[in-house]
Amino acid sequence: MKWEIPLVIVFVTGVILALSDFVPHQSIQDVREFFMSWLQIIGVLAVGLGLVSLTQVNLVKVRRKTPGWIYSVITLFGLVIMLVTGFVWDYREPSNPFQFLFQYALLPIYATMFSLLAFYIASAAFRAFKARNALATTILVTAVIVMLGQVPVGAKLAPLKSWIMEVPNMAGFRAILLGIGLGGVAMALKIVFGIERAYMGRD
Amino acid sequence: MNGEFIPHTVAALFTLAIFSFLWKDNPLYKAAESLAVGLSAGYFTVILIRTSLMRTLIDPLFEEGQVLVIIPGILGLLMYLRLTRRWTWISRYPLAFYMGIASGAALSPTILAYVVRQIEYTIVPMGFGSWEGITNILIVVMVFCSLFYFFFSVPHKGVFGGVSRIGIWVIMVAFGAQFGFTVMARISLLIGRVQFLLGDWLGLIHLE
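Here we come to the overall build of chain B. The helix and strand tally for chain B stands at six helices and zero strands. Put simply, chain B runs from its N terminus to its C terminus through helices and strands in the order α-α-α-α-α-α. Its C-alpha atoms give chain B a radius of gyration of 27 Å, clearly above 17 Å, the size a compact globule of 208 residues would have. Principal-axis analysis of the C-alpha atoms gives chain B an extent of 65 × 60 × 35 Å. Here chain B holds 208 residues, and 42% of them are scored as buried. Taking the intrachain contacts of chain B between residues at least 6 apart in sequence as the baseline, contacts between residues at least 24 apart amount to 22%. Counting only carbon and sulfur atoms, one obtains 70% of the accessible surface of chain B, whose full area is about 11700 Å². Positive and negative side-chain charges in chain B, numbering 13 and 10 respectively, have mean positions lying 20 Å apart.

Let us look at the pattern of salt bridges. Residues and elements named next belong to chain B. Under the criterion given, the structure shown has three salt bridges over all chains. Note that R117 and E120 form a salt bridge whose closest N and O atoms lie 2.9 Å from each other. Note that R117 and E120 are positioned in helix α4 (residues 92–122) at a spacing of three residues, about one turn of the helix. For R117, a relative accessible area of 31% translates into the label partly exposed. Note on E120: relative accessible area 41%, which makes it partly exposed.

For chain A, the domain assignment lists domain 1 (1–88) and domain 2 (129–193). Each of domain 1 of chain A and domain 2 of chain A has a C-alpha centre, and the two are 34 Å apart.

Another aspect to go through is helix α2 (residues 27–62) of chain B. The largest bend along α2(B) reaches roughly 70 degrees and is located at M54(B). Two or three places before L28(B), at the start of α2(B), stands the capping residue N26(B), its side-chain oxygen 2.9 Å from that residue's backbone nitrogen.

Definitions and limits used
- Residues numbered from 1 in each chain as written.
- Chains lettered and ligands numbered in written order.
- Predicted model: local features only at pLDDT ≥ 70, side-chain atom pairs only at ≥ 80, totals over all residues.
- Heavy atoms only, no water.
- Helix = DSSP H or I, 4+ residues; strand = E, 2+ residues; numbered from the N terminus.
- Rg over C-alpha atoms; globule rule 2.2 N^0.38 Å.
- Buried < 20%, exposed > 50% of the residue type's maximum accessible area, 1.4 Å probe, protein only.
- Contact = heavy atoms within 4.5 Å.
- Areas by Shrake-Rupley, 256 points an atom, 1.4 Å probe, with all protein chains shown as cover.
- Lys, Arg positive; Asp, Glu negative; His and termini not counted.
- Charge placed at Lys NZ, Arg CZ, Asp CG, Glu CD.
- Salt bridge = Lys/Arg side-chain N within 4 Å of Asp/Glu carboxyl O.
- Domains from an automatic or database assignment.
- Bend = angle between axes of the 7 residues up to and from the residue.
- Polar contact = N/O pair within 3.5 Å; in protein donor to acceptor, adjacent residues only side chain to side chain.

Next up, the structure:
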C-alpha cells in the first residue's frame, strides 16, 4: 500500500505518456493533455511546500535566537512583503509596489551577484588552471582566446575564436549532450520501471 | 532630481550592498542576500499561483465547471502530508503521478532533442574539396573521439587510448571556450552595473 500502489501509478502513467508520443489517436492525446495539466497543478502546489519549509526553517532560527537570526527576519520580511504586494496589486501592471520590489530590489541584487562572479571566477580560474599540465594549459589558452576574441583589443583573434566556438566547442558539447540525452532516457526508464525509487523517500 | 532618482537610489544601495562583499563578508551583504531569498521566493510564488495555478486549476474549476481538475488539486494538497510524520507516505501518491507523468512525457522529447538531433546535425557533407568539408570531417572526428572518452566497455589503451586522448583534448577546449564565454558574460553584467551606478544613478557618464 505504501510502496506498491505508488510504483504501479508511476508505471501506468509513465507508459501511457511514453506511448502517447507514438499513437496519434485523439483519445490517447486527450488522456495525455489531461495528465499534462495534472503535472502543472501538482507541481505548482508543491512549490508551496518549499515555501512552508523556508518559513519553518527561518521561524525556528528566529525563535531560538540562533546566531544570525536577524537575517532570517529579513528573509521572512522579504517573503511576506512580496506575497502581500503580489496578491493586493495586479502583478502585470508596470508600476505598483510588487513590480517596484522586483525592478529596484530583486533585479539589481541578482545582476550584481552574478557580476560579482566575474572577480571570483577569474581568481578561481587562476588557481585551477595554473598551467600545471598540457590539458590545464589548453583550457587556459582557449579561454583567453575566446575572451580576447570578443573585445576590440583582440580583434585579430576573432576568427580563431569563432572557429573554436563552431568546431571543437560544438563537437565537445555535442558529445556531452548525447551523454546527457542517453543518461536522461536511462533515468526516465528506471523511474517508470520502478528501479529508481530514491525520490519516494523512506518510511 | 528626476522622478527616477528614488527608485534608482534604492537599486544603487542594493547594488553597493552586494558589491561590499568584495571587501569582505559583512552584515550589509548578508542582509541584501537574505532579502533576495525572501523576495525571490515570494515573487515566484505569486507568479506561479497567479498564472499557472489560475490557468490550470482555479479558472477551469470555478469558471468552466471542469470538476475533474479537483483530482490533481487534491493530489497536490496531499503533498503537504510530507510535513507530518504519520501520514508522510500518502505524499508518495501525488509524487508517483508527478514522476510517472514527467518521466513518460520526457522520454521521446529527450531522445529527439539530445540524441537524434545531435546525430542528425553531425552527419553533414564531408570532403577534402572545400574548407567546409574539412571542417565537417573535423567535427565528426571530434564528436566521435569525445564520445569515445566516455565509453568504458574497452580499456583505453593502444588505438583506443589514442582516440580517447583526442576526445579529452576536444572536451578541454570546449570547457575552456565555455569558461571564457561565461567570464565575458559576467564582465558584461559588471559593466552594466557600473554603468547603472555612474550613469543612471549619479549621472556622471552619459551613454549614447
